[in-house]
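Survey of secondary and tertiary structure
Spelled out, the chains give:
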Amino acid sequence: MVGPGLGPALENANPLVFRRSGERPVTAREEDDDLPDAIDDREIFDLIRSINDPEHPLTLEELNVVEQVRVKVNDAESTVAVEFTPTIPHCSMATLIGLSIKVKLIRSLPERFKVDVHITPGTHISEHAVLSSTVGMTAYYLKK
Amino acid sequence: MRTREEELKSLGTDFTFGFIQVMDGEKDPRNLLVAFQIVRDLVLKGYALGPFVEELFEVTSCYFPIDFTPPPNDPHGIQREDLIVSLRAVLASTPQFAEFLLPLLIEKMDSELQSAKLDAVQTLSACCAIYGPKELQAFLPSLWASLRREVFQTASEKLEAECLGALTALAACLSHAVLHADTHDLLDAFLSSVLKDCRHHLCEPDMKLVWPSAKLLQAAASASLRAYHHIAGSVLPLLLEQYNQHPQGCNLGPVLAPLQSSQRRTILEMLLGFLELPQKWGHEEGDETVLLDVRGPLCSVVSSALTDPSVQLQVVGVRVLTVLGTLPGLLVASDLDLAVDHLTRLVLHEEDPQSSMAAMEASGTLAPAHPGAFTDRMVRALAQELQTERADEGTRHQRCLQALAAVSTHPSIVRETVPVLLQHLRDLQRGSEPGDTGKMASLCRSLHRMAVQSQHDPESCSFYHRAVVPCLLGLALQAALQEDALLAPGKALLEEEALTSMVPIISAASTHLSPELAVQSAALMVPLFLDGDVSFLPQNSFPCSFQPFQDGLCLAAQRRLVILLMAFICSLPRNVPIPQQDRLLRELLALSCACDCPFAATAAAKCFAGLVNKHPEGAQLDEVLQLALNRLEPGLAEGPHRTQALGLLLWVTKALVLRYHPLSSHLTDKVLALLGDTELGPAAAEGLGLLLGDAPDVLHRGCHADVRLMYRQRFFTDNVPRLVQGFHAAHSDVKANYLKGLSHVLNHLPKPVLVTELPTLLPLLLEALSCLDGGVQLSTLRCLQPLLLEAPRALSPHGDTLVTKFLSLTDSPTMAVRIAALRCIHALTSLPTPGLLPYKARVIRALAKPLDDKKRLVRKEAVVARGEWFLLGSPGR
């Protein structure tokens, strides 16, 4: 157990750890040169699930901060929506996590996509504040 | 101390005291290492410590736990690990330190620093090796409390593993105590306290602390046989009772059932952990008393697991069954029969392939221990299943075949299963329809597996060879000697695929033969092919004679069977004499050059090459090679059979290159010269890949071929300069052939050699990137990627060219080329960063397009590459 006296204590020292899903198996269709593959939820989930949590040596997937069911993508309309769930309601890292997800998606998806990242409703005390600061930081980053 | 031991010892305790005073307050790591060594010698070599034991301990233990970071650019290279190990050796050197050391260790285990805890636990393990129960007695409760706390709170896997190891060491130490009639048995007392604290967790309904408790109990039990009896005797009945308290999943409905199954699975896995422990100590009489007591409940638990609908539970049940079956004397005949029936059922009727495979593997492991039970029940059931005609044959037949192969791990079982498979082959052959090649293929796979499993037992090996090889040959001949063989029913066996899949079987059955049997077999095989002597085959009445080496249009089917000869004769050990070898070589030579059918010609060429490779040095070999050359020259120059001649050339060259024969360079020159030929150039380029690659059927070490060390490097050194020269002198139409040949050669070289040759080859490789041939592009990219990772400095001057070419190749119509190009772009980031930063923006912009590629696999590579380029130049990368 990590106790006090070692710098700022961890907010959530004993998180519940979820199982990591394995690698996505390659299908015969994906290996065919001619047939196109649409971008689906699992593909987006694969992009964000290995992002490391700022506090623990665990990934967002292992902490259940991101789940595949909360990822919605529409390839034809070029939209992506991701809901993430901070591990505890007072998590101060929520802004950082939201920003990491958004940046990863911006860097990994074609430019035509509109990316929307927000906190799962009802899971954080200041979700609106987090949302606006995420948007603001992203705008700053894009301007550079 | 080394040279004047006697004199120093005579100084007595003064020396010890003096040294303590000198060592006190030492800070320099180099001196500390020496000091620790001296203290160790003081103790181990029996210097008089007198009343100064505690002081000696104090002066060394003040450094514990070691907290040392070597300064950067430390010229002495002393690492923290060195100091830790050295100090540990001191502290654990004598039981006299015990009364001071153990409290210190307990205190450090309570500290907050992970490294201190780890160090303390590892030192404890080291101490237990030399301490006795007397020293540990007073501290056992606190030690146990600390170890238990650490394992229950599992901060890190390493710490948990070390704590469990320390617990085992503790228990082992206590186990070695000599018991007197009236002394208190420390081990019993200790284990009782362990059980008291851990047992009840195993019964908890929500199973939170189940795994840590189980691990602690298993660690304590693995210390010694006595400890095992004590703990297992108490825990096993409890676990079995727990299992039965969670009722079977199928009665509970969809929500609760999976939960109960997973709880039962956890219990069963814990049981498995306990059952696997006795394997450490080997077997002695009276060992299994603790297991024999619970045999009945154990068997019923296993049965219930094997019949549960949950697949995971079945798989764990199979594992438990395997362990129980391999413990001698545990299962009685009736239990065994039941077990085999369960396994048979799982193999045949269980839907999920996972349990089926697990059951097959378990059968393979258990069969050597109980061959009778398996032969009587499982093999019989499988054989019957194979014979019954069913509408949905597919999977079940395949499983039968796989299972028959898996269970053949004992000579007596092999004797039963081989005839079953051969009979099935005959049935397939008789009633064969198109589309039977799939069944033929799975049958051949099973036969191959059995061949490989039989290789190591001489009895099985000779039985298998005698049973299978003549049978296969007989069936093939029957099919080939019919009228209009290639159109008749039964021709499935003559298909190239079927014949090719028979090759590994015959090969595996021949590589490990005993010398006498090998000679016997060769004496039968060669006359069969040369003279049509079919006397040794079963059912040897054929409509016409077997003459594969004669000319004649109607003999096309017979000629294909030469591949079976190749499979046998090229797998024999080198010292087996081949009868009529000369004549055989001549016939093979003629067939390989003149035959219209490419399959037969290649088979003959391979057979010829295989024999030439193993032929002893001398006049005969030279004669044969001269004959071959005489045939090749006109054959290559012009005529209808140029491709066959090239094939022969390639295989003979390979045979000679492998054994470093002097003629190999002459032949290699011919191959390289052909790269410029318009008709044969591309085939010659592919041929270079054949020369250096690994063929699965002939000319490899597994079939006793003469393969010299480092033949690839030698080939490279001798021939690449000529390749490069040829490239520069060549006409532009054929330059692609040279590049393809070069990339094949490079792909088979070990990396260190490649890196040293890079400066000369680089211009060629860069030019190859612009070549329009997709194959050349792909092999060049695949060649460049590891080079970028391992020799970045050599490639960094060419950064601009590489970036441009790679980016343009990400547009290629072929998916594989796009993926390889993206991987190379990713690998580019290993080049020194200052050289890459000018390209960063351009690459990131260009990589946006592959992110929208229509193929997912391409997009994946693009994401990885682009992400890495974004991070170029950022701190912490």
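Quick note: structure is the one above.
Residues numbered from 1 in each chain as written. Chains lettered and ligands numbered in written order. Predicted model: local features only at pLDDT ≥ 70, side-chain atom pairs only at ≥ 80, totals over all residues. Heavy atoms only, no water.

Re a negative patch on the surface
All names here are of chain B. Note the threshold: Two joining distances apply to patches: 9 Å for like charges and 5 Å for nonpolar side chains (Val, Leu, Ile, Met, Phe, Trp, Tyr), and every residue must have over 30% relative accessible area and no salt bridge. To be clear on the numbers: accessible area is Shrake-Rupley with a 1.4 Å probe, and residue cover counts the displayed protein chains and nothing else. Here, a salt bridge means any Lys or Arg side-chain nitrogen found within 4 Å of an Asp or Glu carboxyl oxygen. Positive charges come from Lys and Arg alone, negative charges from Asp and Glu alone, with His and the N- and C-terminal ends not counted. Charged groups are reduced to one reference atom each: NZ for lysine, CZ for arginine, CG for aspartic acid, CD for glutamic acid. In this text, helices come from DSSP runs of H or I with a minimum length of four residues, and strands from runs of E with a minimum of two, each type numbered from the N-terminal end. For the exposure calls, accessible area comes from a 1.4 Å probe over protein chains only, and a residue counts as buried if that area is under 20% of its type's maximum, exposed if over 50%, partly exposed in between.
Together, Glu54, Glu55, Glu58 and Glu99 make up a region of like negative charge exposed at the surface. Broken down by element, the negative patch gets its largest block of residues, three residues, from helix 4 (residues 53–61). You can see Glu55 is positioned in helix 4. Taking the relative accessible area as the measure of exposure, Glu55 reaches 37% and is therefore partly exposed.

Notes on the pattern of salt bridges
Using the criterion set out here, one finds 45 salt bridges over all chains in the structure. Its salt-bridge partner being A:Glu67, residue A:Arg70 comes within 3.0 Å of it at the nearest N-O pair. Given a relative accessible area of 29%, A:Arg70 falls into the partly exposed group. In the salt-bridge network here, residues are joined through shared partners; they are A:Arg24, A:Glu30, A:Asp40, A:Glu43, B:Arg856 and B:Arg859.

A short note on unusual backbone geometry
All names here are of chain A. Even without a glycine there, the phi angle at Asn64 is positive, about 60°. Relative to the assigned elements, Asn64 resides in the loop between helix 2 (41–48) and strand 1 (71–74). Assessed through its relative accessible area of 24%, Asn64 is described here as partly exposed.

Brief notes about the packing of aromatic side chains
For any two aromatic rings, the description comes down to two numbers: the centre-to-centre distance and the angle of the planes. Residue and element names in this part refer to chain B. The cut-off we apply is this: Put simply, two rings from Phe, Tyr or Trp (the six-membered ring, in Trp's case) pair if the centres are within 6.5 Å, and we call them stacked under 30 degrees between planes, edge-to-face over 60, tilted for the rest. For a lysine, the NZ atom is tested; for an arginine, the CZ atom; a charge sits over a ring if that atom is within 6 Å of the ring centre and within 35 degrees of the ring normal.
What the rule picks out here adds up to four aromatic pairs over all chains. With 6.4 Å between their ring centres and 85° between their planes, Trp144 and Phe190 make a pair best called edge-to-face. Here Phe190 lies in helix 11 (residues 186–199) and Trp144 lies in helix 9 (residues 140–153), a separation of 46 residues in the sequence. Of the two residues, Trp144 and Phe190, neither departs from the other in class, the shared state being buried. Feature note: the residues Phe57, Phe97 and Phe100 constitute an aromatic cluster, connected by ring pairs. A cation sits over an aromatic face here: Arg714 above Tyr660, 4.2 Å from the ring centre.

With respect to the interface of chain A and chain B
Let me state the cut-off plainly: Whether two residues touch is decided by their heavy atoms; if any such pair falls within 4.5 Å, the residues are in contact. Using a 1.4 Å probe, buried area is obtained as the accessible area two parts lose upon being combined, added over both of them. Any N or O atom pair separated by 3.5 Å or less is treated as a polar contact, with the protein-specific requirement of one donor-capable and one acceptor-capable atom, and with residues adjacent in sequence counted only for side-chain atom pairs. Classification used: nonpolar for Ala, Val, Leu, Ile, Met, Phe, Trp, Tyr, Cys and Pro, charged for Asp, Glu, Lys and Arg, polar for all others including Gly.
Listed per partner, the contact involves 25 residues of chain A and 16 residues of chain B. Taken together, the two surfaces of chain A and chain B that pack against each other cover about 1,900 Å², and 46% of this comes from carbon and sulfur. For the pair chain A and chain B, the interface holds six salt bridges. Our count for the contact surface shared by chain A and chain B stands at 17 residue pairs in polar contact (both at pLDDT 80 or more). At the level of secondary structure, the elements contributing two or more residues to the side of chain A that touches chain B comprise helix 1 (28–31), helix 2 and helix 3 (94–108) of chain A. For the side of chain A that touches chain B, the class distribution of residues is 11 nonpolar, one polar and 13 charged.

Here's the deal with the sheet that holds strand 2 (residues 79–84) of chain A
Residue and element names in this part refer to chain A. So the rule is basically this: The rule for pairing is simple: two strands pair if DSSP sees at least two bridges between them. Every angle, taken between N-to-C directions, lies between 0 and 180 degrees, and every axis is a line fitted to C-alpha atoms, over only the stretch in contact when it is a helix.
What the three strands build is an open sheet, ordered 1-2-3; its pairing is mixed. Of all strands in the sheet, those with a lone pairing partner are strand 1 and strand 3 (114–119), marking the two edges. Each strand of the sheet is rotated relative to its neighbour by a mean of 10°, with strand direction disregarded. As judged from the four bridges shared by strand 1 and strand 2, these two strands associate in the antiparallel manner. By the bridge assignment, Lys72 is partnered in strand 2 with Ala81. Along the sheet, helix 2 contacts strand 1 and strand 2; its crossing angle with strand 1, the most-contacted strand, is approximately 125°.

Looking at the pairing of strand 3 of chain A
Residue and element names in this part refer to chain A. Basically, it comes down to this: When the strands point away from the viewer and the connection leading from the first strand across the helix to the second strand turns clockwise, the crossover is called right-handed.
Covered by surrounding structure in strand 3 are Val115, Val117 and Ile119 only, the residues Lys114, Asp116 and His118 on the alternate face being uncovered. One ladder, built from six bridges, connects strand 2 with strand 3; its direction is parallel. Each bridged residue has a counterpart across the sheet, and for Phe84 the counterpart in strand 3 is Ile119. With helix 3 bridging strand 2 and the parallel strand 3, this β-α-β connection has right-handed handedness.

Comments concerning the environment of B:Gln279
Residue and element names in this part refer to chain B. As for its placement among the helices and strands, Gln279 is situated in the loop between helix 14 (253–276) and helix 15 (289–293). For Gln279 and Thr326, which are 47 residues apart along the polypeptide, the C-alpha to C-alpha distance reads 9.5 Å. Setting aside chain neighbours within four positions, we find Gln279 in contact with Val323 and Thr326.

Focus on the environment of B:Pro696
All names here are of chain B. With respect to the helices and strands, Pro696 occurs in the loop between helix 34 (681–692) and helix 35 (711–729). In this structure Pro696 comes out as exposed when scored by relative accessible area, which is 75%. For the pair Pro696 and Lys860, spaced 164 residues apart in sequence, the C-alpha to C-alpha distance is 33 Å.

Observations regarding the nonpolar core
Condition: Definition of nonpolar core: a set of buried residues of the types Ala, Val, Leu, Ile, Met, Phe, Trp, Tyr and Cys, connected through side-chain atoms within 4.5 Å.
Grouped together as the largest cluster of nonpolar side chains are 354 residues, with contacts concentrated most on A:Ile101, A:Leu105, B:Leu561, B:Ile569, B:Phe608, B:Phe806 and B:Trp869. If you tally residues by element for this core, the top one is helix 24 (residues 458–480) of chain B, at 13 residues.

Examining the pairing of strand 1 of chain A
Only one face of strand 1 of chain A is covered, namely the one carrying A:Val71 and A:Val73; the face carrying A:Lys72 and A:Asn74 has none of its residues buried. The antiparallel hairpin formed by strand 1 of chain A and strand 2 of chain A contains four residues in its connecting segment, where A:Ser78 sits at a positive phi of about 55°.

Here we look at helix 3 (residues 29–44) of chain B
Residue and element names in this part refer to chain B. Test applied: Working rule for helices: expected span equals 1.5 Å times residues minus one.
The end-to-end C-alpha distance of helix 3, which contains 16 residues, comes to 22 Å, matching closely the 22 Å that a straight helix rising 1.5 Å per residue would cover. All of the buried residues in helix 3 are Leu32, Ala35, Phe36, Val39, Arg40, Asp41, Leu42 and Val43. Along its buried surface, helix 3 packs onto helix 2 (13–23), helix 4 and helix 5 (80–91). A positive phi of about 80° marks Gly46, the residue just after helix 3.

So, the side chain of A:Thr59
All names here are of chain A. Mapped onto the elements, Thr59 comes out in the loop between helix 2 and strand 1. When its relative accessible area of 11% is taken as the criterion, Thr59 is described as buried. The contacts of Thr59, once residues within four sequence positions are left out, are Arg49, Ser50, Ile51, Asn52 and Asp53.

Things to note about the packing of helix 32 (residues 642–658) of chain B against helix 33 (residues 664–674) of chain B
All names here are of chain B. Our working rule: Between 65 and 115 degrees an angle is taken as roughly perpendicular, under 35 as roughly parallel, over 145 as roughly antiparallel, and anywhere else as oblique. Left-handed describes a crossing whose near helix is turned anticlockwise from the far helix through less than a right angle; right-handed describes the clockwise counterpart.
Following both chains from N to C, one finds helix 32 and helix 33 inclined at 140°, their axes separated by 9 Å at the closest point. With respect to each other, helix 32 and helix 33 are oriented oblique. Judged by the twist between their axes, the crossing of helix 32 over helix 33 is left-handed. Contact residues: helix 32 offers Arg642, Leu646, Leu649, Leu650, Val652, Thr653, Leu656 and Val657, while helix 33 offers Ser664, Leu667, Thr668, Lys670, Val671 and Leu674. Classifying every residue of the contact of helix 32 with helix 33 by side-chain character gives nine nonpolar, three polar and two charged.

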